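The primary structure of each chain is shown beneath.
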Amino acid sequence: MTVRSRQGRQDRDQAPPPERYGYLVTYAVRGEPGTRRAEVTVLPGYSQEEDIPRILAARLTGRPADGAAITVLDARPI
């Protein structure tokens, strides 16, 4: 006799998570006047929202470690 849990059926009925999340980010760079906007894509399992400053720093300087120079002012899902 095989016993199946309800948990397994619920997991199958749920849609899988999206492959990626996009954000429209408004941010400031330390030492530079004004604000900037950029679209940032976060891939579940590889990056998270908290990685956005490092992603932006890597785009600007080529060094993700410069993420401390980025201040995220707003991040809206797109």
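Our subject is the structure listed above.
Source: prediction; values computed, not measured.

1. Observations regarding the overall build of the protein chain
Part 1: A count of helical and extended segments in the protein chain gives 2 helices and 3 strands.
Part 2: Starting at the N terminus and walking to the C terminus, you meet the elements of the protein chain as α-β-β-α-β.
Part 3: Expressed as a percentage of the 78 residues in the protein chain, the buried residues total 23%.
Part 4: Looking at the protein chain alone, contacts between residues at least 24 apart form 44% of all its contacts between residues at least 6 apart.
Part 5: When the accessible area of the protein chain is evaluated, it comes to approximately 6,300 Å², of which 48% is carbon and sulfur surface.

2. Looking at the nonpolar core
Part 1: Among the nonpolar cores identified, the biggest contains 11 residues, and these are Tyr-23, Val-25, Tyr-27, Val-29, Ala-38, Val-40, Val-42, Ile-52, Leu-56, Ala-57 and Ile-70.
Part 2: The set of elements that each furnish at least two residues to this core consists of strand 1 (21-29), strand 2 (36-42) and helix 2 (52-61).
Part 3: The leading source of residues in this core is strand 1, at 4 residues.
Part 4: Beyond its immediate stretch of four places on either side in the chain, Val-29 contacts Arg-36, Leu-60, Ala-69 and Ile-70.

The rules behind these values
- Residues numbered from 1 in each chain as written.
- Predicted model: local features only at pLDDT ≥ 70, side-chain atom pairs only at ≥ 80, totals over all residues.
- Heavy atoms only, no water.
- Helix = DSSP H or I, 4+ residues; strand = E, 2+ residues; numbered from the N terminus.
- Buried < 20%, exposed > 50% of the residue type's maximum accessible area, 1.4 Å probe, protein only.
- Contact = heavy atoms within 4.5 Å.
- Areas by Shrake-Rupley, 256 points an atom, 1.4 Å probe, with all protein chains shown as cover.
- Core = buried A, V, L, I, M, F, W, Y, C linked by side-chain atoms within 4.5 Å.

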